[in-house]
There are 2 protein chains.
Amino acid sequence: MKIVVDAMGGDNAPEEIVKGAVLSLEKANDFSVVLTGDEQKIRACLADCKYDAARVEVVHCTEIITNDDAPTVAIRQKKDSSLVVALKMLKEEEDVQGLVSAGSTGAVLTGALLRVGRIRGITRPAVCPALPTAKGGKVLLIDAGANAECKAVNLAHFAIMGTAYAKVSGVKDPRVGLVTNGTEEHKGDPLHQEAHELLKTLPGIRFVGNIEGRDIMSGDVDVAVCDGFSGNIALKTTEGTASAVMKIIKANILSSLRAKIGYALFMKKAFEKIKKTMDYSQYGGAVLLGIEKVIVKSHGSSKAASICASVLQAREAAANGLIKDIKELLAGVDLEGIGAEQ
Amino acid sequence: MKIVVDAMGGDNAPEEIVKGAVLSLEKANDFSVVLTGDEQKIRACLADCKYDAARVEVVHCTEIITNDDAPTVAIRQKKDSSLVVALKMLKEEEDVQGLVSAGSTGAVLTGALLRVGRIRGITRPAVCPALPTAKGGKVLLIDAGANAECKAVNLAHFAIMGTAYAKVSGVKDPRVGLVTNGTEEHKGDPLHQEAHELLKTLPGIRFVGNIEGRDIMSGDVDVAVCDGFSGNIALKTTEGTASAVMKIIKANILSSLRAKIGYALFMKKAFEKIKKTMDYSQYGGAVLLGIEKVIVKSHGSSKAASICASVLQAREAAANGLIKDIKELLAGVDLEGIGAEQ
């Protein structure tokens, strides 16, 4: 199996991307990587790394899609960009089973739709990151921002895709919650009320009911289903809150000599570890679900460690049959009548 | 000035409510409190406190509205409940200028609408709590959950009311952000796009543009305007994340002997202080904005300290002319055409 990596996407491209991709090869030996981008620059980065040359392929291309590019225009016009070339390989080559990019989210999403295509039956692919929980595990948030406007059937698809992804990630019987403004069944706007009713009927989905924002990271659900608008707000609120809490803690520590001494002597290591736990980019990236092949969108600021994690994440999802599992779950439900109106 | 306190609302009523109300009298001497509820029980609680009897009034009533009551039914039928009696006093007695309740949010909101009434021009009152920020200040989140469905004009009203409240709380020229799924102007669903355009036109409002979930607690805005659905998710996500972060930190500390020693010797106090900073109920409650008088909804689990803070918050808002300020800001804008369609 090959995983193709957009070597030019992200704030730290190509150095950290190349380093991370090569690093991933040490963690498993059943796959190889393809790096797309400026061959000369990529080779220069590779020169600093130790790796098995037989497992690394470089495909030269001349263009780069940046955050300033309008996604649809860029995907259509920059045909020789590292992202479009990677997407083309993903679409056309059977042994290329996953793609990793730290480039513009909009471009990756648009490119996935236009160049790779949706899974039949899924009208709206979704972005699905994993967050740490208070109980030490992870929770999948879907949709974290691909669709600002959703219908109930989209939320049902998110539940199906999130369940399939949780399963291939090792969760046996994933618990699915619907994120609304209250746990009672009747809570929410009409969209979420309709989605609640729909989720109750889905075979193969362990729907545990409505959950609130405070329950997302509690560890009581494995999949938190959101519309893309409030899901994006929830995701970014977790980031903002975690960062604010760490800053408040630091300010408190630095304001007391006693605590400052304690920190320096005993707790610095613990805090570094905590920061790592909270930094979800360490786990890899957000999976784009609903596309015909596995795509992992790594954070724009990704360094080698998180690119490495993203490549392994793509490999694991592909090896465990993510796309097949989504299709099977989807085949078991009858959303035709509801989906048809889209 | 009098502040009326629903002595029977909340998990710790009436003990902690009475204690908190009486405690607030020590912090300022220009007001008195009225306690509504079971007189015998209230007097028993008062017997344990030291206070100036001239500044405490007890109004006996026989009923209690609980979280199990349907709000509209309860407000209509339980006419001798501690909440309805308090609302009646707030409405009818000029010197009663604020109300505090730790009872059911739904009942307080419904009761405020039915028994006290809206400010003319405001179609949808909103819930407005204050959160701590990374820079050490506070940010107001409005609407945090009163309205699961909103129109753009409601969001404009939230910006106006939030600005007025930030001002009476001591912020000179409050910065207002609109919480959406991206900072770019065109981001958001049609509701938020329309609201963005509207906010740009409001005189007296310092609109700084769209903000993301991660910016709410950054300290870069004083008022974060949300629709009540995503605002509720954002609020509860901050709670859940803060709690998860603290648990993850504790688990990390307890897993290392070195860190455990450091914690016990040096950092326990700092952590207790941090927990207090993060616990926004310590600041008092969420203000209900858009009602003809000042109402503070304290957290259901409020203890004496947060009831005390809520009473002082109501007193401060009333003393600083919150309602007058909202009306003045509202008079300066022309939302008639937009509001009329409601």
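Model, not experiment: these values are computed from the prediction.

Student: Pulling in residues and values, what's your account of the overall build of chain A?
Tutor: Tallying secondary structure elements over chain A gives 12 helices and 12 strands in all. Oriented by its inertia axes, the alpha-carbon framework of chain A measures out at about 60 × 60 × 35 Å. Counting all 342 residues of chain A, 59% fall into the buried class. Considering only contacts in chain A between residues 6 or more positions apart, those separated by 24 or more positions represent 73%. Taken as a whole, chain A presents about 13900 Å² of accessible surface, with 49% of it coming from carbon and sulfur. Counting 42 positive and 42 negative side-chain charges, chain A places the centres of these two groups 6 Å from one another.

Student: Tell me about the packing of helix 1 (residues 15-24) of chain B against helix 10 (residues 304-319) of chain B, and please be specific about residues and values.
Tutor: Residues and elements named next belong to chain B. Where helix 1 meets helix 10, the closest approach of the two axes is 7 Å, and the angle between their N-to-C directions is 50°. One finds that helix 1 runs oblique with respect to helix 10. In the packing of helix 1 onto helix 10, the handedness of the crossing is right-handed. From helix 1, Glu16, Ile17, Lys19, Gly20, Ala21, Leu23 and Ser24 reach across to helix 10, where they touch Ala304, Ile307, Cys308, Val311 and Leu312.

Student: Now, about the side chain of Ser298 of chain B: what can you tell me, with residues and values included?
Tutor: Residues and elements named next belong to chain B. Of note, Ser298 is situated in the loop between strand 12 (294-297) and helix 10. The class of Ser298 is buried, set by a relative accessible area of 1%. Looking at Ser298, its side chain comes within polar contact range of the side chain of Ser302, at 3.0 Å. Once residues lying within four places of it in the same chain are set aside, the contact partners of Ser298 are Ser101, Ala102, Gly285, Ser306, Ile307 and Ser310.

Student: Tell me about the relation of the copies chain B and chain A, and name the residues and values.
Tutor: At an RMSD of 0.0 Å, chain B and chain A line up after a rotation of 180° and a shift of 0.0 Å along the axis. Interpreted geometrically, this transformation is the action of a two-fold axis. By residue overlap, the copies meet face to face through one surface: 100% of the interface positions of chain B are interface positions in chain A.

Student: Outline the interface of chain B and chain A, supporting the account with residue identities and numerical values.
Tutor: On the side of chain A, 53 residues touch chain B, which itself brings 53 residues to the contact. Carbon and sulfur atoms supply 72% of the area that chain B and chain A bury against each other, a total of about 4600 Å² over both sides. Counting every contact that joins chain B to chain A gives four salt bridges. Across the pair Lys236 of chain A and Glu212 of chain B runs a salt bridge, and its minimum N-O distance is 3.1 Å. In this structure, the connection of chain B to chain A is made through six residue pairs in polar contact (both at pLDDT 80 or more). The element best represented in the side of chain B that touches chain A is helix 8 (residues 228-254) of chain B, accounting for 20 residues. In the side of chain B that touches chain A, the residues fall into 27 nonpolar, 16 polar and 10 charged.

Student: So what's going on with the nonpolar core? Which residues, and what values?
Tutor: Inside soluble globular proteins, nonpolar side chains tend to come together where they are buried. Leu35, Ile142, Tyr165, Val225, Leu289 and Leu322 of chain A are the most contacted members of the largest nonpolar core, which has 68 residues in total. It is helix 6 (residues 152-168) of chain A that contributes the most residues to this core, 12 residues altogether. Ignoring any residue separated from it by four or fewer positions in sequence, one finds Val225 of chain A in contact with Ile142, Leu155, Phe158, Ala159, Val176, Gly177, Leu178 and Val179 of chain A. With 67 residues, the next largest nonpolar core counts Leu140, Ile142, Val176 and Val287 of chain B among its residues.

Student: Residue-level account of the sheet that holds strand 11 (residues 286-289) of chain A, with values.
Tutor: Residue and element names in this part refer to chain A. Taking strand neighbours across the sheet as the criterion, the seven strands line up as 3-2-1-4-12-11-5 in an open arrangement whose pairing is mixed. At either end of the open sheet lies a strand with only one pairing partner, and these are strand 3 (56-60) and strand 5 (126-128). Each adjacent strand pair in this sheet contributes to an overall mean axis angle of 25°, direction not counted. Of the strand pairs in this sheet, strand 1 (residues 2-6) and strand 4 (residues 96-101) are connected by four bridges, and their pairing is parallel. In the sheet register, Ile3 faces strand 4, and the bridge partner there is Gly98. Together, strand 2 (32-37) and strand 3 form the strand contacts of helix 2 (residues 39-47), whose direction differs from that of strand 3 by roughly 155°. Helix 6 rests against strand 5 and strand 11 of the sheet, and its axis sits at about 125° to strand 11.

Student: A description of the pattern of salt bridges should follow, citing residues and the corresponding values.
Tutor: Counted by the stated rule, this structure contains 36 salt bridges over all chains. Of the charged contacts in the structure, one is a salt bridge between Glu16 of chain A and Lys19 of chain A, with a shortest N-O distance of 3.5 Å. Separated by three residues within a single helix, Glu16 of chain A and Lys19 of chain A lie in helix 1 (residues 15-24), roughly one turn from each other. Here Glu16 of chain A falls in the buried class, since its relative accessible area comes to 16%. Linked through salt bridges whose partners overlap, the residues forming this network are Glu212 and Arg214 of chain A together with Lys236 and Glu239 of chain B.

Student: Before we move on, can you summarise the sheet that holds strand 4 (residues 96-101) of chain B with the specific residues and values?
Tutor: The strands making up a sheet associate through hydrogen bonds between their backbones, and the pairing can be parallel or antiparallel. Residues and elements named next belong to chain B. An order of 3-2-1-4-12-11-5 is seen for the seven strands of this open sheet, with the pairing classed as mixed. Of all strands in the sheet, those with a lone pairing partner are strand 3 (56-60) and strand 5 (126-128), marking the two edges. Direction aside, the axes of adjacent strands within the sheet are offset by 25° on average. Where strand 1 (residues 2-6) lies against strand 2 (residues 32-37), five bridges are found, and the strand directions are parallel. Each bridged residue has a counterpart across the sheet, and for Val5 the counterpart in strand 2 is Leu35. Sheet strands touched by helix 1: strand 1, strand 2 and strand 3. Its angle to strand 2, the strand with the most contacts, is close to 170°. Against the sheet, helix 2 (residues 39-47) touches strand 2 and strand 3, its axis set at about 155° to strand 3.

Calculation notes
- Residues numbered from 1 in each chain as written.
- Chains lettered and ligands numbered in written order.
- Predicted model: local features only at pLDDT ≥ 70, side-chain atom pairs only at ≥ 80, totals over all residues.
- Heavy atoms only, no water.
- Helix = DSSP H or I, 4+ residues; strand = E, 2+ residues; numbered from the N terminus.
- Buried < 20%, exposed > 50% of the residue type's maximum accessible area, 1.4 Å probe, protein only.
- Contact = heavy atoms within 4.5 Å.
- Areas by Shrake-Rupley, 256 points an atom, 1.4 Å probe, with all protein chains shown as cover.
- Lys, Arg positive; Asp, Glu negative; His and termini not counted.
- Charge placed at Lys NZ, Arg CZ, Asp CG, Glu CD.
- Axes fitted to C-alpha atoms, helices over the stretch in contact; angles between N-to-C directions.
- Parallel < 35°, antiparallel > 145°, perpendicular 65-115°, else oblique.
- Left-handed = near helix turned anticlockwise from the far one by under 90°.
- Polar contact = N/O pair within 3.5 Å; in protein donor to acceptor, adjacent residues only side chain to side chain.
- Least-squares fit on C-alpha atoms with pLDDT ≥ 70 in both.
- Buried area = accessible area lost by both parts, 1.4 Å probe.
- Salt bridge = Lys/Arg side-chain N within 4 Å of Asp/Glu carboxyl O.
- Nonpolar A, V, L, I, M, F, W, Y, C, P; charged D, E, K, R; others polar.
- Core = buried A, V, L, I, M, F, W, Y, C linked by side-chain atoms within 4.5 Å.
- Pairing = 2+ DSSP bridges.

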